Amino acid sequence: MKPTTAMTARIITIALSTFVAFLALVAVAGAHPEGRDSGAPATGDTAAFAWLHPGVVPAGWTTRRLAGSPARLSAPPGWRAAAGDPGTETMVLRAPSGHIIGYLNATPRQGGERAADWPSFRLDHNRDEGLRKDTLLAAAGDLQFRSGTGSCVLDSYTTSTGNRYREIACLVVGRTATTVIVAAAPPSRWAAEAPLLDRAVSDFIT
Amino acid sequence: MLVVQVRKVAAALAITALIGGGATSAAFAQTHRHHHHHGIPQHNGGDHDSDNNGGPSDGDGNT
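Just so it is clear, the model here is predicted, and its values are computed rather than measured.

## Topic: the overall build of chain A
So, step 1. Along chain A, the regular secondary structure elements total 3 helices and 10 strands.
So, step 2. Its helices and strands in sequence order give chain A the pattern α-β-β-β-β-β-β-α-β-β-β-β-α, from N to C terminus.
So, step 3. Residues counted as buried form 40% of the 206 residues belonging to chain A.
So, step 4. Counted over contacts in chain A with a minimum sequence separation of 6, partners at least 24 positions apart contribute 51%.

Shown next, in the form of structure tokens:
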């Protein structure tokens, strides 16, 4: 090999190696923007889910386990089990009129739900269910739950009969099961029910 | 020699691309493959979910 060729090769190698090193640094910084060594950092509008603090189920709450699943849904005193799809659990709080003013549901992952596109999936699904005026208020991913990592949305919609609800809907990926937990209440009741709904979501296990 | 070095750099680039792909995986995709069905009629026509009766939407994927 001529000296000029060797020199050219060395220059190309150094330049490309420097470029590779730069890309690697950018990639690592993007994966761990907070410098954490374990667990992916939460992404998206994390402030909207700052209430999520996995903890112990408060005394007096009712816990129901999903059939054939490690998932467990807990609800405050006064809430009652309601009918739902097989393999799911639903707990509701009703006004004297019978209107649902608090709603909790846990449903095993059924197919297309993925953390990567959970917000678009959920809103698309809600439209399929006949819900209208579904507005995405916030979304975040890689949120820490008691037994896994979740992607969550906060949105508001109108049902086919004109009732308006706000919901927290999270796809939680556990070690052996992936489950959706939904917590909802009418916007007019949100301020009153949100602390209990937040607690129920925080205590959810899958 | 030049060919060998270029191959090494190309391999390093490929590995870096894989790392970079992992770094962006946490971001939400804007759309998803719309493959779930419109299978449960409203107004209690299918199962007995609250969302079939004007109540809140449950967590089913409706596949």
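## Details of the sheet that holds strand β7 (residues 132-144) of chain A
Paired through backbone hydrogen bonds, the strands of a sheet run either parallel or antiparallel to each other.
So, step 1. One open sheet holds the 8 strands; their spatial order is β1-β7-β8-β9-β10-β6-β5-β4 (chain A), and the pairing between them is antiparallel. Every interior strand has two partners, whereas the edge strands, β1 (43-44) and β4 (80-81) of chain A, have only one.

## Re the environment of S69 of chain A
Residue and element names in this part refer to chain A.
So, step 1. Structurally, the position occupied by S69 is in the loop between β2 (62-65) and β3 (72-75).
So, step 2. Classification of S69 as buried rests on a count of 21 C-beta atoms within 10 Å.
So, step 3. Taking the C-alpha atoms as reference, S69 lies 27 Å from I101; in sequence the two are 32 residues apart.
So, step 4. Beyond its immediate sequence surroundings of up to four residues, S69 is in contact with P108, A177 and T179.

## Regarding the nonpolar core
So, step 1. Within the largest apolar cluster, 45 residues are counted, with the highest numbers of intra-cluster contacts made by C152, C170, I181, A183, V201 and F204 of chain A.
So, step 2. Leave out the neighbours within four places in its chain, and C170 of chain A touches G150, S151, C152, V180, I181 and V201 of chain A.

## So, the pairing of β3 of chain A
Residues and elements named next belong to chain A.
So, step 1. Relative to β3, β2 runs antiparallel, the two sharing 4 bridges. Bridge assignment links T63 to a residue of β3, and that residue is S74.
So, step 2. Once β2 ends, the chain turns through 6 residues before running back antiparallel as β3, passing G68 with a positive phi of about 70°.

## Side note on the pairing of strand β9 (residues 164-174) of chain A
Residue and element names in this part refer to chain A.
So, step 1. Of all 11 residues in β9, 8 are buried, a share of seventy percent or more.
So, step 2. Where strand β8 (residues 148-158) meets β9, 11 bridges bridge the pair, whose relative direction is antiparallel. Residue pairing for β9: S156 is matched across the bridge by R166.
So, step 3. Connecting the antiparallel pair β8 and β9 is a turn made up of 5 residues, with G162 showing a positive phi of about 95°.
So, step 4. Bridging between β9 and strand β10 (residues 178-185) involves 8 bridges; their strand directions are antiparallel.

## Here we look at the environment of D60 of chain B
So, step 1. If you trace the backbone, D60 of chain B turns up in the segment after α1 (2-23).
So, step 2. C-alpha of D60 of chain B to C-alpha of Q30 of chain B: the two residues are 30 residues apart in sequence and 20 Å apart in space.
So, step 3. Among residues more than four places away in sequence, those in contact with D60 of chain B are D85, T107 and Q110 of chain A.

## Structural notes on unusual backbone geometry
All names here are of chain A.
So, step 1. Its identity as a non-glycine residue notwithstanding, K133 has a phi of 50°, on the positive side.
So, step 2. Relative to the assigned elements, K133 resides in strand β7.
So, step 3. Looking at K133, the number of C-beta atoms within 10 Å reads 8, which means it is exposed.
So, step 4. One non-glycine residue, D142, adopts positive backbone phi at about 55°.
So, step 5. Turning to its location among the elements, D142 is positioned in strand β7.
So, step 6. D142 gets classed as partly exposed once you count the C-beta atoms within 10 Å, which come to 18.

## Observations concerning the confidence of the model for chain B
All names here are of chain B.
So, step 1. With 21% of its residues at a pLDDT of 70 or more, chain B has an overall mean of 57.
So, step 2. For residues 10-26, every residue scores under 50 in pLDDT, and the model assigns this stretch 20 contacts once sequence neighbours within four places are set aside.
So, step 3. Low pLDDT (under 50) marks residues 38-46, which in the prediction has 17 contacts with non-local residues, meaning those over four places away or in another chain.
So, step 4. Interface confidence in the predicted complex, given as ipTM, is 0.76; pTM for the same model is 0.73.

Cut-off values and rules
Residues numbered from 1 in each chain as written. Chains lettered and ligands numbered in written order. Predicted model: local features only at pLDDT ≥ 70, side-chain atom pairs only at ≥ 80, totals over all residues. Helix = DSSP H or I, 4+ residues; strand = E, 2+ residues; numbered from the N terminus. Buried ≥ 20, exposed ≤ 12 C-beta atoms within 10 Å, placed from the backbone. Contact = placed C-beta atoms within 7 Å. Pairing = 2+ DSSP bridges. Core = buried A, V, L, I, M, F, W, Y, C linked by C-beta atoms within 7 Å. pLDDT = per-residue confidence, 0-100.

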